[in-house]
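Structural features, examined
One letter stands for each residue in the lines below.
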Amino acid sequence: MGNSYAGQLRTTRFEEVLHNSIEASLRSNTIVPRPVFSQLYLETEQPLAQDGRTENGDEDDDDGSESNSPPIPYQMRPPPEGCCTTDGFCQAGKDLRLSSLASDPLDVPPGFMLVGVKSPSVLETLLVCAVDRRFLPDERGCNALLGFSGNCMGCGEKGFRYFTEFSNHINLKLSIQPKKQKHLKYHLYRNKQGVLVKGAPICWRGYEGAMRQIRSSRSEGLLTSHEQPPSLALTYPSHTPGSYTGPHVEAQTADVPHTLINGNHAVSSVAPPRLSQSGPGRPATVPHANTGPPKKRHKGWSPESAVSSLSENTVKSPSSSSIAISTSSVSAVVTNGARSEVASLQSSSQGSSTPLSPPELSVSVPAQLQQTCKLQPVIFKGHGPLPQLIGNVGGVLVSSLLQSCYLSSQTLPRVYQHYGPSPIQPLSTEMQILLTVYYLVQLGPEQVPLIEDLEQIFMRSWRESHLSEIRQFQQPQTAAMQGRHYAIEAASAMPGLPQHMSLPPHSQQPLTPSQLPWLAQLAASSCGESVLVLAEEVRSLAQGLHQTLRRLMEGQLENTNYVVIIVTSPGQETQSCVVVTGKHQCRALSESVFSPSEGLKEINYQLSTGVAQELVHYCNSLGQDGDLDSLLDGASVYSNEASPLTSSQESAEDRSLKNTHSPKDMQSLKDSQTHCSKDALSPKETGSSPKDTCSEYTVEWREVRPIQLAVARKLLSHVCAIADSSTQNLDLGSFDRVSFLILVPPSEVTFQQTILHLWSSGVLQELGTLEQGCMSQPETEHYVVKMDHGALARVDSLIQEAHSNSSTLYILVHDHAHWDTSSSSCSSSGSGLGLVDKLLNSQQVKDATNILILHVTSFPFTLQTQCTRISPYNEIHWPSAFSNDVDLYHERTRYFGVSELLDSTRSGSSMPLMRHDSSFESMALTLEDRFPNLHSTVIRTTVLIQHYSVALMAASGRIKNSHNLHKHTSVETMEIVQSLLTAPQQCSAHHGHMVLLRIPSLALAAWAHRRLSRVRKQLGLEENFEIILGDPSQSLSIGQNFTNQIKTWLKIQDADWVPHTYLELEALPCILILSGAEPLGESLPRSLKYCDLRVISCSYLHRTTLEQELGLAAYLVKADSQPAHNSGLGSDVIESDAEKLSSTDNDEEDGQENGDSPPSSTQPLQPCSDSGVLESIPSQSTTSPDLQKGTLGSIQSPSKSQTHLQPKSSSQTFPYPHTVPPHQAQPPSQSYPQAQSTSQLHLQPPNQLQALSQAYSQPSTQTPPLQQPPSQMQLRSKSASSGSSSPRAASPHLNCSWARGVSRPPSVLLPRALYDIITASDSSGLPRCTSFLPHMSVAWASSFRPLLSKMMTCTEQSLYYRQWTVPQSYHMDSSNRAEGRDNFHPRRLLLSGPPQVGKTGAYLHFLGILSRMLIRLMEVDIFDEEDINYSAQAEGVQYHPPNAAWPNVEIMKTMPFDYTIHDAKYDDISSVYCPEFKTTAEGNPVRQEDVYLRRRTSRIKLSKYAAYNTYHHCEQCHQYLGFNPRYQMYESTLHTFTFTHLLLGEDIQLYFIIPKSKEHYFSFSQPGGQLESMRLPLTSDWNPDCIKSPIFTPTTGRHEHGLFNLYHAMDGASHLHILVVKEYEMAVYKKYWPNHIMLVLPTVFNGAGIGSAHFLIKELSYHNLELERSRRLEGGGPASDVWPFIILADDSCVMWNAVDLDARGGPVERTVSLKQVLQHMEACPELEHFGLCGIRKWSSRGFVGKKQWEPFYRGHLHNFLMLNVDRSQNVQYDQNRFTCHDVDLTLRLHSAGLLVCRFNSFSVMKKQITIGGYRTFIIKTKMTDVPTSVGPSQYICAPDSKHLFLATPAQLLLEKYLQHTSQKLFPLSIKNYTQPILSVDCYLNLGLEVTVCFMSSRPHSVNINTTGMLFSGLLLCFADAFVTSGFLKKFTFLKGATLCVISADRSSLRQTVSRLELEEEWRFRLSDEFQTANAKEDRPLFFLTGKHI
């Protein structure tokens, strides 16, 4: 209350708190440290203790060891190998004891004091150190800043920022947490004699007060960051899917010389061991309470100690003294996901796009800036306009990248701009500047700033400052977000944020401009001179830039990497800019100014102008060991001694290539391959001998793997989905063949590789393009096109071909689709880019309905933007082959790709497959400083080739004192070269490995090729391995001797054969120098062992760029070849060498990353013999830890050394000072000592032996030689592009190193900068590179985007990029913008999958199955059945001439009616008795195929006159199907039509659904009025384009599959087609057939059969005929002129055929249209005399065995009928019938005297449709919840009995019962054809073995003569009045014959028995009365049986 200083700043308090904030924030992993200004302004002043300090204390918290509580256990990290651990000495071995240093002169920096350190192990004296006085208390014990800053006075190392790391360096060896208060005990000073002596004790007053405060805080539960129990301090946060779960990791990096740590802010050098992560929602704990290692790691601190270190995901609560510099609770040190935006730097001649009007504000750039400073400064625009630059403006680079980041971070999405009463505000300018300073402070000395890191910091700061608002906003918006992953993170998802620390925004004070300079300068003060802030001393940006350039010229900024200029003036906006002054940073940023292509041009320029000559000469010098060229020239002098690689004597080499490394000759590619002397026997020649063949070498046929087949089917299903959609964009039914064109990048090897895959796949043969035996490949090349200027004509030709062949579906396969996404309008004609846009996105391709585009890529991100042309529904993602270690596709292989490479770096149990080379990086960094004007790629390539050259010289044994050369190369390079040279020596056929050198610059690659070729020649190694230059524009070229070797291996006889692809180089020992700006889809063989990417560019950090380079190492590993638990992925040579571990993956700081391995034997190693076989191995060796664990998909190498050879070295720069060369010291796997294989295996633990025995238990078999040409050879390749299968498991006794190596993925060497970026993880747990910009041609839509989630599927990831990325202006999709809708191409698909996984094989197989499907779509299964029941004595009477067109009525009357049924579909029904029919002895033979397939079918290709179902959508059908532009789709009306029928006894009400386009077929009382009739034509009418007969098609259950589209069948003729449907199916039929007329049956017929539909059709047609005749009479014409015929067609009639007679008079069928059939029949001269006409059912055997051809037939008709409704008016269909209704009608028509005629000259093909139809009825019980199977015996029951009633129509039950129980009911009729059952007035199916004799009771009916016949039974079904007792007495029955009387009820049954006097001749019993098993309400039928007396 009375404190006058409340709310005001106090100088001491302010400085202390702010510095503590910086220190605590840098050390803390928490999200929201305590706000600074809340402490300075808002908190009330805390009461002071007696010593003047606050009670809570501001020193570091102690571990409590001096209290009564037990100390927290602490275990120091073991020092790195080779470090000194002696008490009193530092790790560098220097004496620190006061007694030793008392008289020595010591260099104490200004501001530092000498302090005596108390060591528990050296009690007799103090240790001397220098400590920054700011971190020590004054004489009162006050004002000591938190933290520590000290120097070692022994070795002179400076910059220890933490006492914990300093205590390790000086070997304090503590058992408790180191604290400066406990161990910094005394001041030291020099006495008068100049001797250093102990002075006064350091007054750590307040230390005890701090301890008291700690104890009190423990009692309150507020634990400090160093004293949290495991349950709190080491607990993972709960993870919520889609939430922001970013770990907050420290951002400090140690000052490591010559080490580039690009973007790896999480840890100092390498990622710490990853703790096991739990699933979402489950916190995982670490069992150790130790919170080490120290926050800023030192060289002596290894990340992997025995005590578990905190992972980067570990959450720490803030300590009570932790405060932050951010008022918005920002944790700015976390840098999630980064991309290098430095590529957008722009060299500006004006400096600023906004020139300032006052001329005095311009800045002059000094003329000699670059020459003086050896760098080109980079100026990042910030806030405010940049002053104009004048003078030497080319000496600086100006970039607006930072300015764009600022603007993007201040542009809120519209959804947040107007939120509630207090809108969410973006970050202020001051906060952005402060966070920028904070970010620059924590960058390492060699790190390059990444704008995306800073952007993520801004976003996190903004989210944390608005947690509550965002959370409140998201709750009502959850449903509107696109999936669970796209929501901005809520507060509950922020890990490490305790609830009591969640301060609301209103409690935080804004950062003012006046406070910004203080905070920025204090933040910069914590990093020394690395970041300089110019704020208060400058008044404008111009003044700040002027001072910066002046200091640069004066050399004052040598140790400064960044200068931040801040201008704050009252009343004005804050301005800022950043000047980059660090040499490494300026180089990286200036190189990234160029685009990739421009960078390659710059390299070419430097090489062509000779500026790299000095570098080459410098690298050739090996110091005291001589000159590289001189040593090579002298190699022949030493060649007389035996070489371990060859026994041949070499002559002196030609020295003309000495100067071929001159950069001036870079453009000319010279063949430097020479051959060995003719008289020398080379290893290659000996390998060609038959006795020297390799039994392990196998070449397998390519087969489509199961997962490729699954992907091909997914592609096919997506194509079908496009065709099935309602958009009508693809009509698969209109195509009869497939053609394709594969577009590949302009790489000759990729082109030839695709041809090889295409040829071996058999797709061309399957498509019918090539004959099966054709072996040439020019035809294959016609289907593959390189995307160069020659592709334009080829694609144009395809477009023209597609326009002319509308029945062919063309597939454009765009392989490697991410390669060229440039817009054709923005690309120059000579660049070769923009062709894809010009060809595939043209309007011609878009409009062509028969062209489908398939993009195939491993990196689909550039095609997934907001303006993409590909629908997300048309994306096909490669599925995962394994789920929970279950092989889903049973292909026994595992894919090893980028994620598995990353996993190998985190396993920690073996040498990771992906690593970096610290020795190489150190040399390259040194040379970059020496040659500042050279491009870093030139420098790195030169160093790399020098390393390989030296390694070749050292490993060849042809250089004297070659062991001295090892220090001039790296261990990694030596390992590669040794493996390359020694592998062929272990195999009798000289199989070896491939080494890939990735050099993007073609000029550098050509130089490297020449250089290595010269070295190889002068060392005499030309026959040992090949050096191949991989130029994308050139074909593959290798030496003839190596070509001959490959031909020998592959058994190729063709003398002209040469390899065209890298796949064909399988097992060839070679170095492949792969050039080109990016890989273009080249697949590599499985013999690839090392993938050297050390010189790829680090400037373009995009996800696609990084992943496609790593994709070169993708691999398929045989799943069953890996041990169960102890598999290890690694190299073939010894990997337990400590020096290799420390010099490859690790530098001085992380030397033990790969192993907490025990110290190994230091006994000197024995040199190996000339043969490469190691001598005896010391017995003291221990098991290599690299063999104990592995990663997914790995395989344990049996040839890996089982010894742990780890010689110690005291020098990091000289790897082998006291040992023999590693190529002699190591027993490499390629020279596995056979004599010691058993003993070495015995060194393995038992579990490893068991695992090995399981893995290699398969016997080794030799594949017989393949005689096929190489184009069809199945080369096993690393690529699975066409489905290669992995090799079999290797045997532990394999001699061939290649055979052992193919089961392991290759090792990958990366630049250190990329390694650090790739191996780091972002906050979601994904690799950090996944959060980079996906491609350089796209941009982020907003900074306010979430990170990718680890839980995202491929589909969700696609949706993420579609939402958050937009194409750049030069992207081909940038023009694909549509207002308010998606502008997707309707026929465009995207197939994405990881590199080398088998996409080529998948899409090639897709082409094959698509072709088969189209053929299948063009084919239908047609019933192909022979006629049955042929008479054994067929009459040879010829009634009509064979060529008669129409039947003659008189002749037809003389033809006998054939009662026999011949349709094979009725082969299971009762035959109809015919007197003329003579049965055969064996009856109808059953064909063998009919045993399994009830009805025989044939696949017939559809003709152009076929009928189609709803899946057919061609352009011609659009109007027919309802797409008439005159009418709206689905526009139809419902009309009622009522007529009276006597049989039904009531009016029949039907419904017509008539489309508007079909109303002219009907007459109405008035337009839109009552329906009166259906218009019928006149008999005399004839129109060649019109069909007179209405066509009725009854259908049920086939709304999709019914063949109702008659447009093509009618050949465009006008016709009336009416679908007859049941009422409950009316809606669905109307939906699928909107332009068809529907006749809807009454409701009572919903459960009726086909008889009811035909009954109503016939009666309706006759009623309509009468109406039309009446209308005709009213019009004055004769009534008889109205056309009386209708067509009754099944819904499965698909095609029609006509029969022609050939020259010999035999019948020949051809396909005709339905129009032709009907018009021919309608034109029959005497057609009105026929009651029923029909046509034949097609059969492929219809004319087999027939000697004569009768064009007409009088008998039963089925399937397709032409009915004369006038003449047949008195004969009705039986409305109750379900089966055999057409047989029943035909018999009654004939008996009524009507002529029935079948036109044999026409046939109908019936398609097999397994869905729906009138024959599909399920007989089930009324109790639907009780599933029971009902047999025929249960279809009937006794009347009034308790029986299980059935929910089935009674008529159907009766028909089915009679069909299946005839043996019991009519026992005398079984197989008794001559004594049939008499059936009166109806035909019922009584079973196959029963014969029925049909007899009509009508007067004047036509019946057969039954005189003398005996009947075995009598069937009376619904006998009417025409059946009398007298009629029945005409027939004679056998004694015991069965009578069956059927009636509708019991009453009519008794009346029938009585009326017909049946009891006189038939005996009845009460038990012989039955009813169908229906309930009473279902109206069962009754029948009575009796026996004849």
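Values in this document were obtained by computation on a predicted structure and should not be read as measured data. Starting from 1, residues in each chain are numbered consecutively following that chain's sequence as written. A pLDDT threshold of at least 70 governs which residues receive local features in this predicted model, and a stricter bar of 80 or more applies before side-chain atom pairs are shown or counted, although totals over entire chains, interfaces and linings include all residues. Excluded from the side-chain calculation are hydrogens and water; included are all heavy atoms of the structure.

Thoughts on the overall build of the protein
Within the protein, the secondary structure is distributed over 51 helices and 54 strands. Out of the 1989 residues belonging to the protein, those deemed buried represent 62%. Contact criterion: two residues are considered in contact whenever any of their non-hydrogen atoms come within 4.5 Å of each other. Across the protein, contacts joining residues at least 24 apart in sequence account for 77% of those joining residues at least 6 apart. By element, 51% of the accessible surface of the protein is carried by carbon and sulfur atoms, the whole surface being about 75800 Å². Runs of E in the DSSP output that reach at least two residues are strands. Runs of H or I that reach at least four are helices, and both are numbered from the N terminus. Working definition: with a 1.4 Å probe on protein chains only, accessible area under 20% of the residue-type maximum means buried, over 50% means exposed, and in between means partly exposed. Note on areas: these come from Shrake-Rupley sampling with a 1.4 Å probe, and a residue is covered only by the protein chains present in the view.

Quick notes on the pairing of strand β23 (residues 1026–1030)
Counting buried positions over the five residues of β23 gives five, a clear majority of the element. For two strands to be treated as a pair, DSSP must find no fewer than two bridges joining them. Where β23 lies against strand β24 (residues 1070–1074), five bridges are found, and the strand directions are parallel. Counterpart to Gly1030 in the pairing with β24 is Leu1074. For the crossover from β23 across helix α33 (residues 1040–1050) to β24, the handedness is right-handed. Clockwise travel from the first strand over the helix to the second, with the strands pointing away from the viewer, marks a crossover as right-handed.

Digging into the pattern of salt bridges
Every case where a carboxyl oxygen of Asp or Glu lies within 4 Å of a side-chain nitrogen of Lys or Arg is listed as a salt bridge. For the structure shown, the criterion picks out 57 salt bridges. Residue Asp903 pairs with Arg906 through a salt bridge whose shortest N-O separation is 3.3 Å. One end of the pair is Asp903 and the other is Arg906, both in helix α28 (residues 898–906) and three residues apart, which spans about a single turn. Note on Asp903: relative accessible area 35%, which makes it partly exposed.

Thoughts on the confidence of the model for the protein
Here the protein averages 76 in pLDDT, while 71% of its residues score no lower than 70. Residue-level confidence of the predictor, termed pLDDT, takes values from 0 up to 100. Every residue in residues 637–691 scores below 50 in pLDDT, and together they form 112 contacts with partners more than four places removed in sequence or on other chains. Every residue in residues 1481–1493 scores below 50 in pLDDT, and together they form eight contacts with partners more than four places removed in sequence or on other chains.

With respect to the packing of helix α30 (residues 936–956) against helix α31 (residues 971–982)
Relative orientation of the contacting elements α30 and α31 amounts to 55°, with a least axis distance of 9 Å. Here α30 is positioned oblique relative to α31, judged by the angle of their axes. Seen from above, α30 lies across α31 with right-handed handedness. Residue-level inspection shows His947, Tyr948, Ala951, Leu952, Ala954 and Ala955 of α30 in contact with α31, the latter providing Thr973, Met974, Ile976, Val977, Gln978 and Leu981. For this classification, the nonpolar set comprises Ala, Val, Leu, Ile, Met, Phe, Trp, Tyr, Cys and Pro, the charged set comprises Asp, Glu, Lys and Arg, and every other residue, Gly included, is treated as polar. Split by residue class, the contact of α30 with α31 holds nine nonpolar, three polar and no charged. In this analysis an axis means a line fitted to C-alpha atoms, helices contributing only their contacting stretch, and an angle means the value between N-to-C directions, from 0 to 180 degrees. Here is the rule for angles: anything less than 35 degrees is roughly parallel, anything more than 145 is roughly antiparallel, 65 through 115 is roughly perpendicular, and the remaining ranges are oblique. Whether a crossing is left-handed or right-handed is set by the direction in which the near helix is turned from the far one by less than a right angle, anticlockwise for left-handed and clockwise for right-handed.

Brief notes about helix α29 (residues 918–930)
Structurally, the α-helix is built with 3.6 residues per turn, so residues lying three or four positions apart point the same way. A helix is expected to reach a length of 1.5 Å times the quantity of its residues less one. Taking 1.5 Å per residue as the helical rise, α29 with its 13 residues ought to reach 18 Å, and the 18 Å between its terminal C-alpha atoms agrees with that figure. Along α29, the residues classified as buried are Ser918, Phe920, Glu921, Ala924, Leu925, Leu927 and Glu928. A side-chain oxygen of the first residue of α29 lies 3.2 Å from the backbone nitrogen of Ser919; this N-cap is Asp917. Polar contact is defined as a pair of N or O atoms within 3.5 Å, subject to the rule that within protein one atom must be able to donate a hydrogen and the other to accept it, and that residues adjacent in sequence are counted only when both atoms are side-chain atoms.

Let's talk about the sheet that holds strand β4 (residues 184–190)
Through backbone hydrogen bonds, the strands of a sheet pair up, either in parallel or in antiparallel fashion. Within the open sheet, the five strands sit side by side as β3-β2-β1-β4-β5. Their pairing is antiparallel. Strands with a single pairing partner mark the edges of an open sheet, and in this sheet they are β3 (150–152) and β5 (196–201). With strand direction ignored, the average angle separating the axes of adjacent strands in the sheet is 45°. As judged from the seven bridges shared by strand β1 (residues 112–119) and strand β2 (residues 122–132), these two strands associate in the antiparallel manner.

Thoughts on the packing of aromatic side chains
Only rings of Phe, Tyr and Trp enter the pairing, Trp through its six-membered ring, and a pair is recorded when the two centres are within 6.5 Å. The plane angle decides the type: under 30 degrees is stacked, over 60 is edge-to-face, the rest tilted. Summed over the entire model, instances satisfying the criterion amount to 30 aromatic pairs. Pairing Trp1340 with Tyr1360 gives two aromatic rings, centres 6.4 Å apart and planes at 75°, and the pair type is edge-to-face. Of this pair, Trp1340 sits in strand β28 (residues 1338–1340) while Tyr1360 sits in helix α41 (residues 1354–1364), and the two are 20 residues apart along the sequence. The class for Tyr1360 is buried, based on a relative accessible area of 2%. Look at Tyr1857 and Phe1983: their rings are 5.8 Å apart centre to centre, the planes differ by 40°, and that puts the pair in the tilted class. In this pair, Tyr1857 sits in helix α48 (residues 1850–1860) while Phe1983 sits in strand β54 (residues 1982–1988), placing the two residues 126 residues apart along the sequence. Each of the two residues, Tyr1857 as well as Phe1983, counts as buried. Grouped by ring-pair contacts, the aromatic residues Phe1911, Phe1927, Phe1931, Phe1933 and Trp1962 constitute a single cluster. We count a charge as sitting over a ring when the NZ of a lysine or the CZ of an arginine lies within 6 Å of the ring centre and within 35 degrees of the ring normal. Here the guanidinium or amino end of Arg894 rests over the ring plane of Phe882, the centre of that ring lying 3.7 Å away. The ring centre of Tyr1520 lies 5.9 Å from the NZ or CZ of Lys1558, which sits over that ring.

A closer look at helix α51 (residues 1946–1955)
Here α51 has its buried residues at Leu1949, Thr1952 and Val1953. Each buried residue of α51 lies within a common arc of 95° when the element is viewed along its axis, so the set occupies one face. Exposed and facing more than 90 degrees away from the buried side of α51 are Gln1951 and Ser1954. The secondary structure elements touched by the buried residues of α51 are β52 (1932–1943), β53 (1962–1972) and β54. Just past α51, the residue Glu1957 takes up positive phi, approximately 55°. What the arc describes is the spread of directions from the helix axis to the C-beta atoms.

Remarks on the packing of helix α9 (residues 401–410) against helix α11 (residues 429–441)
At a minimum axis separation of 11 Å, α9 and α11 run at an interaxial angle of 130°. Taken together, the axes of α9 and α11 lie oblique to each other. Handedness of the α9/α11 crossing: right-handed. Only Thr429, Gln432, Ile433 and Thr436 of α11 make contact with α9, whose side of the interface consists of Tyr406, Ser409 and Gln410. Each residue belonging to the contact of α9 with α11 can be placed in one class, and the counts come to two nonpolar, five polar and no charged.

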